[in-house]
Amino acid sequence: MIPEDLRYTAEHEWVQARSGAPVRIGITDFAQDSLGDIVYVQLPDVGTEVNAGDSLGEVESTKSVSEIYAPLTGKVVSRNDQLTDAPELINSDPYGSGWLVELEPADPGKVDELLDADAYRELTQQ
């Protein structure tokens, strides 16, 4: 499942651009499926400034711990605190209630430079 309206990174994060609002970031269905059952999520504090490629936190599953990387440079303006008590939302709804953070990008135009659905599909061969 690779929604057409999102942008993607080679590290398996997705980015949803929303008109007049911060971008929403999560991990892809491919990533959550590879990780297995997610049991813990560590997210950055609101107000954290990140550069593209910086760590945004960690996702811990029954198989491993994986870093989450910032797809864009910007400031964290919201985080999904629901994941503290229900990290499994990432497994059940990675593109919906399993989102991770919202970021105010320093350059909103950079979203268009990320992978589109076709390029991400080719990367994962789904």
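These numbers were taken from a predicted model, which means no experiment stands behind them. (Residues numbered from 1 in each chain as written. Predicted model: local features only at pLDDT ≥ 70, side-chain atom pairs only at ≥ 80, totals over all residues. Heavy atoms only, no water.)

Visitor: I'd like to hear about the side chain of Thr9, residue by residue, with values.
Guide: Mapped onto the fold, Thr9 is located in the loop between β1 (7-8) and β2 (13-16). Exposure remark for Thr9: the relative accessible area of 7% places this residue in the buried category. Among all residues touching Thr9, those that are not within four sequence positions of it are Pro71, Leu114, Leu115, Tyr120 and Leu123. (Helix = DSSP H or I, 4+ residues; strand = E, 2+ residues; numbered from the N terminus. Buried < 20%, exposed > 50% of the residue type's maximum accessible area, 1.4 Å probe, protein only. Contact = heavy atoms within 4.5 Å.)

Visitor: Residue-level account of the nonpolar core, with values.
Guide: One finds Leu56 and Leu100 to be the most contacted residues of the largest nonpolar core, which totals 25 residues. Secondary-structure elements contributing two or more residues to this core are β3 (23-27), α1 (29-35), β4 (38-42), β6 (55-61), α3 (89-92) and β9 (101-105). Looking at which element gives the most residues to this core, the answer is β3, with 3 residues. Those residues in contact with Leu56 that sit more than four places away from it in its chain are Ile25, Gln42, Leu43, Pro44, Val50, Ile68, Tyr69, Ala70, Pro71, Val76 and Val101. Counting residues in each nonpolar core, the second largest holds 8 residues, with Ile2, Tyr8, Trp99 and Ala117 among its members. (Core = buried A, V, L, I, M, F, W, Y, C linked by side-chain atoms within 4.5 Å.)

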